[in-house]
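# An overview of the molecular structure
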Amino acid sequence: MLIVSSERISMGDSAGHILRSRLSIQQQKSAEGDSIAYADRAAVSLVKCRGSDVQQEDISTLVKILEPARRNESAVKDLITGYTASLRKQHPCHAAS
């Protein structure tokens with residue numbers, strides 16, 4: 001089973017801190033300048049919303065893979081990286097018109 005959730009958060013947190021605090025995952029790796037943190041069954045990404053035309057905040061996406069899935073750190077990294085790239089293309093920082 002796969003759980004994906006996104007939320008708008010106050011700016012300034014890090015993907016690694018979110019992964020540690022929400023899922024207690026201490027052993028993790030990072031990618032994309034620390035905007036992605038991942039392990040073998042979970043990942044977090046941050047899209048930073050900055051600029052005069054958007055609210056100053058971040059969008060956090062958390063992915064969690066539940067049992068009985070097999071552990072695959074590389075696949076989790078690919079999943080969160082692809083998901084985040086797709087999210088950025090949707091311009092999530094701008095309010096819908």
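Residues numbered from 1 in each chain as written. Predicted model: local features only at pLDDT ≥ 70, side-chain atom pairs only at ≥ 80, totals over all residues. Heavy atoms only, no water.

As a further point, take the environment of Asp40. Note that Asp40 resides in the loop between β3 (36-38) and β4 (42-49). Once the C-alpha coordinates of Asp40 and Arg88 are considered, the two residues, 48 residues apart in sequence, prove to be 24 Å apart. For Asp40, the residues in contact, after removing those within four places along its chain, are Arg71, Asn72, Glu73 and Val76. Side chain to side chain, Asp40 and Arg71 meet in a polar contact 2.9 Å long. (Helix = DSSP H or I, 4+ residues; strand = E, 2+ residues; numbered from the N terminus. Contact = heavy atoms within 4.5 Å. Polar contact = N/O pair within 3.5 Å; in protein donor to acceptor, adjacent residues only side chain to side chain.)

With the rule as written, the count across this model stands at six salt bridges. A salt bridge links Glu73 to Lys29; its shortest N-O distance comes to 2.9 Å. Here Lys29 lies in strand β2 (residues 29-31) and Glu73 lies in helix α2 (residues 73-89), a separation of 44 residues in the sequence. Glu73 sits in the partly exposed class, given a relative accessible area of 28%. Linking Arg50 and Asp58 is a salt bridge whose minimum nitrogen-to-oxygen distance equals 2.7 Å. Judged by relative accessible area, Arg50 falls into the partly exposed class, the value being 37%. (Salt bridge = Lys/Arg side-chain N within 4 Å of Asp/Glu carboxyl O. Buried < 20%, exposed > 50% of the residue type's maximum accessible area, 1.4 Å probe, protein only.)

Within the secondary structure layout, Ser35 lies in the loop between β2 and β3. Beyond its immediate chain neighbours, meaning those up to four positions away, Ser35 contacts Ala15, Val44, Ser45, Leu46 and Arg88.

Where nonpolar side chains cluster on the molecular surface, the patch consists of Leu2, Val4, Leu79 and Tyr83 and spans about 330 Å² of accessible area. By secondary structure assignment, the location of Val4 is in strand β1 (residues 2-9). (Patch = residues over 30% accessible without salt bridge, like charges linked within 9 Å, V, L, I, M, F, W, Y side chains within 5 Å. Areas by Shrake-Rupley, 256 points an atom, 1.4 Å probe, with all protein chains shown as cover.)

Applying the stated rule across the entire model yields one disulfide. Two residues, Cys49 and Cys93, share a disulfide whose sulfurs are 2.0 Å apart. Taking the torsion about the S-S bond as the criterion, the Cys49 to Cys93 disulfide, at about -75°, is left-handed. Linking Cys49 in strand β4 with Cys93 in the segment after α2, this pair joins segments that are 44 residues apart in sequence. Neither Cys49 nor Cys93 differs from the other in exposure class; each is buried. (Disulfide = S-S within 2.5 Å.)

Here we come to the environment of Ser10. Mapped onto the elements, Ser10 comes out in the loop between β1 and α1 (15-23). Spatially, the C-alpha atoms of Ser10 and Glu57 are 5.0 Å apart, while their sequence positions differ by 47 residues.

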